[in-house]
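This is what each chain is made of:
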Amino acid sequence: MSANLYRTISDLKGFSLRNCPPMPEPSGVLMCPPDHFQVLAVKNPYMSRHVGAVDVEKARRQWDELVAAFEKAGCPVRLVEATPGLEDMVFTANSSLAGTRPDGEKVALISSMRHASRRRETEAFEAWYERNGYRVARLKSGGHETFEGSGDAVWHPGKRLLWGGHGFRTDPAMFEQVAETFKTPVILLKLVNERFYHLDTCFCPLTPEAVLVYPSAFDAASLELILKIFPIVVTCSEADAVARMACNAAVWRSKTAIIQKGATVAVGHMKAMGLDVVEVDTSEFVKSGGSVYCMKQYLF
Ligand code: ARG
């Protein structure tokens, strides 16, 4: 196993946030309009009661409001055109992971999606990245191993460090290539609860020091890693985590948190941490198992 991957606290010898180099904050987000958004087949537990039940016009209004919330927070929004027939493309976090290497090169690592219905999403993103100054990197995989981009690979705010979730959508072996592509260490976290099938459903860094988590989504070794690295770990209530996908909030530059409305306990934690909180309604997207964080890709 590469020296750049950490699975247990005994692997962490000598590693701490203090000796982790800084990394530039994101420069904006990449989003995709929900032109073809639908819940068609059940890919996660959220979707099971909602097949065919998306209110398309409401979804469009909610997406427009989310774009406005990012812009109001000072976060520029770039757009990729929706491809007909790709009902999950609105979740732009999943089909790639954008970032920088230590020499400043901008790289987009293209995902290898678990579900066949999502595999064609990557084409439009590859083209977008090529037009916008990124080097496009592809995974070497035997065709079976999967990696779902920033759904499962979350940048630590302001640090050259990635958190890598695996267990449902991403194979742990893929993080060797992720670490190599970005020349960045990855701390691996094992997900054990299928409702929290992507890391961004149960793990939300608020600042470089604080993270919001839903603890029972992780195995014990993973929780230890989180507690070892983050000085402040706040827990999300079950109601906020499940019904409102509160850990799928996005925090812009450790200043403004954008979160599904009604997650009272999580909002309290965020405000106590000094964040401005903007509540938005993403209920049509929660039917598909996604909310704020996964409806955008951080750009650099
Ligand atoms: N319906 C999509 C899927 O199951 C939702 C993806 C949401 N993304 C996320 N990172 N949580 O693939």
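Overview of the structure. The numbering scheme is per chain: residues are counted from 1 as the chain's sequence reads. Given that the model is predicted, a residue must reach a pLDDT of at least 70 before its local features are reported, and side-chain atom pairs must reach 80 or more before they are shown or counted; all residues, however, enter totals for whole chains, interfaces and linings. Hydrogen atoms and water are omitted, and side-chain values are computed over all heavy atoms in the structure.

Considering the pairing of strand β2 (residues 28-31)
Type-normalised accessible area, obtained with a 1.4 Å probe on protein chains alone, sets the label of each residue: buried when under 20%, exposed when over 50%, and partly exposed for intermediate values. A run of H or I in DSSP becomes a helix once it reaches four residues, and a run of E becomes a strand once it reaches two; helices and strands are each numbered from the N terminus. Residues Gly28 and Leu30 of β2 are buried on one face, and the alternating residues Val29 and Met31, pointing to the opposite face, are buried as well. A pair of strands counts as paired when DSSP detects no fewer than two bridges linking them. Summarising the sheet, β2 and strand β16 (residues 297-299) pair through three bridges and their orientation is antiparallel. Among the inter-strand pairings, Gly28 is bridged to a residue of β16, identified as Leu299. Call a crossover right-handed when, viewed with both strands pointing away from you, the route from the first strand across the helix to the second goes clockwise. In this fold, β2 hands off to helix α1 (residues 56-72), which returns the chain to strand β3 (residues 77-79); that crossover is right-handed.

Section: α1
To estimate how far a helix should extend, the number of its residues minus one is multiplied by 1.5 Å. Taking 1.5 Å per residue as the helical rise, α1 with its 17 residues ought to reach 24 Å, and the 24 Å between its terminal C-alpha atoms agrees with that figure. Contacts are assigned to residue pairs with any non-hydrogen atoms lying within 4.5 Å of each other. In this fold, the buried residues of α1 make contact with β2, β3, β13 (250-252), β14 (256-260), β15 (276-280) and α7 (283-286). Polar contacts here mean pairs of N or O atoms no more than 3.5 Å apart (in protein, one a potential hydrogen donor and the other a potential acceptor; neighbouring residues in sequence count only if both atoms are side-chain atoms). Sitting at the amino-terminal end of α1 is Asp55, which places a side-chain oxygen 3.3 Å from the backbone nitrogen of Glu57.

Structural notes on the sheet that holds β13
One open sheet holds the three strands; their spatial order is β13-β14-β15, and the pairing between them is mixed. Either end of the sheet is taken by a strand with one partner, and the two such strands are β13 and β15. On average, adjacent strands in this sheet sit at an angle of 25° to one another, irrespective of strand direction. Two strands pair when backbone bridges link them, and β13 and β14 are joined in this way by three bridges, in the antiparallel orientation. Across the sheet, Val251 pairs through a bridge with Ala257, a residue of β14. Here an axis means a line fitted to C-alpha atoms, over the contact stretch when the element is a helix, while the angle between two N-to-C directions is reported on a 0 to 180 degree scale.

Let's talk about the environment of Asn19
Within the fold, Asn19 resides in the loop between β1 (5-6) and β2. A polar side-chain atom of Asn19 sits 3.0 Å from the main-chain amide nitrogen of Ser16.

Brief notes about the packing of aromatic side chains
Between 30 and 60 degrees the pair is tilted, below 30 it is stacked and above 60 it is edge-to-face, where a pair is any two Phe, Tyr or Trp rings, Trp via its six-membered ring, whose centres lie within 6.5 Å. If you walk through the whole model with that rule in mind, you get 15 aromatic pairs. Relative to Phe285, the ring of Phe91 has its centre 6.4 Å away and its plane inclined at 90°; by these criteria the two rings are edge-to-face. Taken together, the residues Phe91 in the loop between β3 and β4 (96-100) and Phe285 in helix α7 connect sequence positions 194 residues apart. A relative accessible area of 0% places Phe285 in the buried class. Sitting above the plane of the Tyr46 ring, Arg195 keeps its charged end 4.5 Å from the centroid. Two conditions define a charge sitting above a ring: the NZ of Lys or the CZ of Arg must be within 6 Å of the ring centre, and it must be within 35 degrees of the ring normal. When the ring centre of Tyr298 is taken as reference, the NZ or CZ atom of Lys296 above it lies at 4.1 Å.

Some remarks on helix α6 (residues 264-272)
All of the buried residues along α6 are Ala266, Val267 and Met270. The buried residues of α6 occupy one face: seen down the axis, they fall within an arc of 100°. Exposed and oriented more than 90 degrees from the buried face of α6 are Thr264 and Ala272. Positioned one or two residues after α6, Gly274 has a phi angle of 90°, which is positive. Directions are taken from the helix axis to each C-beta atom, and the arc is the one they span.

Quick look at the sheet that holds strand β10 (residues 203-205)
Here we have three strands laid out as an open sheet, ordered β10-β11-β12, and mixed in their pairing. The outermost strands of the open sheet, each flanked by one partner alone, are β10 and β12 (232-235). The mean angle between the axes of side-by-side strands here comes to 20°, regardless of whether they run parallel or antiparallel. One ladder, built from three bridges, connects β10 with strand β11 (residues 210-213); its direction is antiparallel. The partner of Pro205 across the bridge, within β11, is Val211.

Observations regarding the site of the ligand
Every one of the 17 residues lining the ligand counts as a neighbour, but Arg118, Arg169, His198, Asp200 and Ser288 are closest to it. Arg169 is positioned such that a nitrogen or oxygen atom in its side chain is 2.8 Å from an oxygen atom of the ligand. Between the ligand and Ser288 there is a distance of 2.8 Å, counted from a nitrogen atom to a side-chain nitrogen or oxygen. Contact with the protein chains covers 100% of the free accessible surface of the ligand, which is 350 Å². Being near a molecule or strand, for a residue, means having at least one of its heavy atoms within 4 Å of it. The protein chains shown are the only cover counted for residues, whose accessible areas, like all others here, come from Shrake-Rupley with a 1.4 Å probe.

Quick look at the pattern of salt bridges
Throughout this description, the term salt bridge denotes a Lys or Arg side-chain nitrogen within 4 Å of a carboxyl oxygen of Asp or Glu. Considering all chains together, one arrives at 17 salt bridges under this definition. When the shortest N-O distance is used, the salt bridge between Arg138 and Glu130 registers 3.9 Å. Given the relative accessible area of 52%, Glu130 is considered exposed. Residues Glu284 and Lys287 are paired through a salt bridge, measuring 2.9 Å at the closest nitrogen-oxygen approach. Residues Glu284 and Lys287 agree in their burial class; the two are buried.

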